[in-house]
Amino acid sequence: METVELSPAHAPELAALYESYDWWADRTVESVREALSNSLALGLRDDGDLVASARVVTDGVYYAKCYDVVVDDARRGEGVGEELLEAVVSHPAIEDVFLSVTCRTGFAAFYERCGFEPYPSPVERPDGPAEEMVHLYRPRDGA
């Protein structure tokens, strides 16, 4: 398989890969194009076909967050996801940056097999006692 960086020009292919998942059924080619223009996106190609992708948003210095990890349904269980995440974590733009991912409970074991660890709680602080951390999000209108 070949690892490639995806650009906005790859939006139609990536949108088609997303279509196989109800989770991302509302994504349009144009919205995927915009997302690709604002993030680092890697894909895996097999015989020219895009079979997996992941996007990373990063400041390039301290933090990076991995989003939208997707593997073609027909290729699941073949190690494609593991190969994709290895390409992500070893990419020069983020190899020295704190990389995190948020996933549904059922996917945690997959990410752990790929070297990710549950974020410790409480979190040690360099200047004081450990503190509990809370994961928060802000819902969009209508969500």
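This is a predicted model, so every value here is computed, not measured.

Draft legend 1. Highlighting helix α3 (residues 80–89). Looking only at α3, the buried set comprises V80, G81, L84, L85, A87 and V88. The arc enclosing the buried residues of α3, seen along the axis, measures out at 155°, which places them on a common side. On its buried face, α3 sits against β1 (2–5), β2 (40–46), β3 (49–58), β4 (63–71), β5 (98–101) and α4 (108–113).

Draft legend 2. Representation of the packing of aromatic side chains in the model. Counted under the stated rule, the structure contains seven aromatic pairs. Geometrically, the ring pair formed by Y21 and W24 is edge-to-face, given 5.8 Å between the ring centres and 70° between the ring planes. The interplanar angle of 70° and the centroid separation of 5.0 Å between the aromatic rings of F110 and Y111 together place this pair among those described as edge-to-face. Each of the two residues, F110 as well as Y111, counts as buried. Through pairs of rings, three or more aromatic residues link up here, namely Y62, Y63, F98 and Y119.

Draft legend 3. How the structure looks around the pairing of β3. Of all ten residues making up β3, seven are buried, and the element is well covered by its neighbours. The pairing of β2 with β3 spans seven bridges and is classified as antiparallel. Bridge pairing in β3 links A41 to R55. In textbook terms, the turn of a hairpin is the stretch between consecutive antiparallel strands, and for β2 and β3 this stretch comprises two residues, one of which, D47, has a positive phi near 50°. Between the antiparallel neighbours β3 and β4 lie four residues, among them G60 with a positive phi of about 75°.

Calculation rules
Residues numbered from 1 in each chain as written. Predicted model: local features only at pLDDT ≥ 70, side-chain atom pairs only at ≥ 80, totals over all residues. Heavy atoms only, no water. Buried < 20%, exposed > 50% of the residue type's maximum accessible area, 1.4 Å probe, protein only. Helix = DSSP H or I, 4+ residues; strand = E, 2+ residues; numbered from the N terminus. Arc of directions from axis to C-beta. Contact = heavy atoms within 4.5 Å. Phe/Tyr/Trp six-rings, centres within 6.5 Å; stacked < 30°, edge-to-face > 60°. Pairing = 2+ DSSP bridges.

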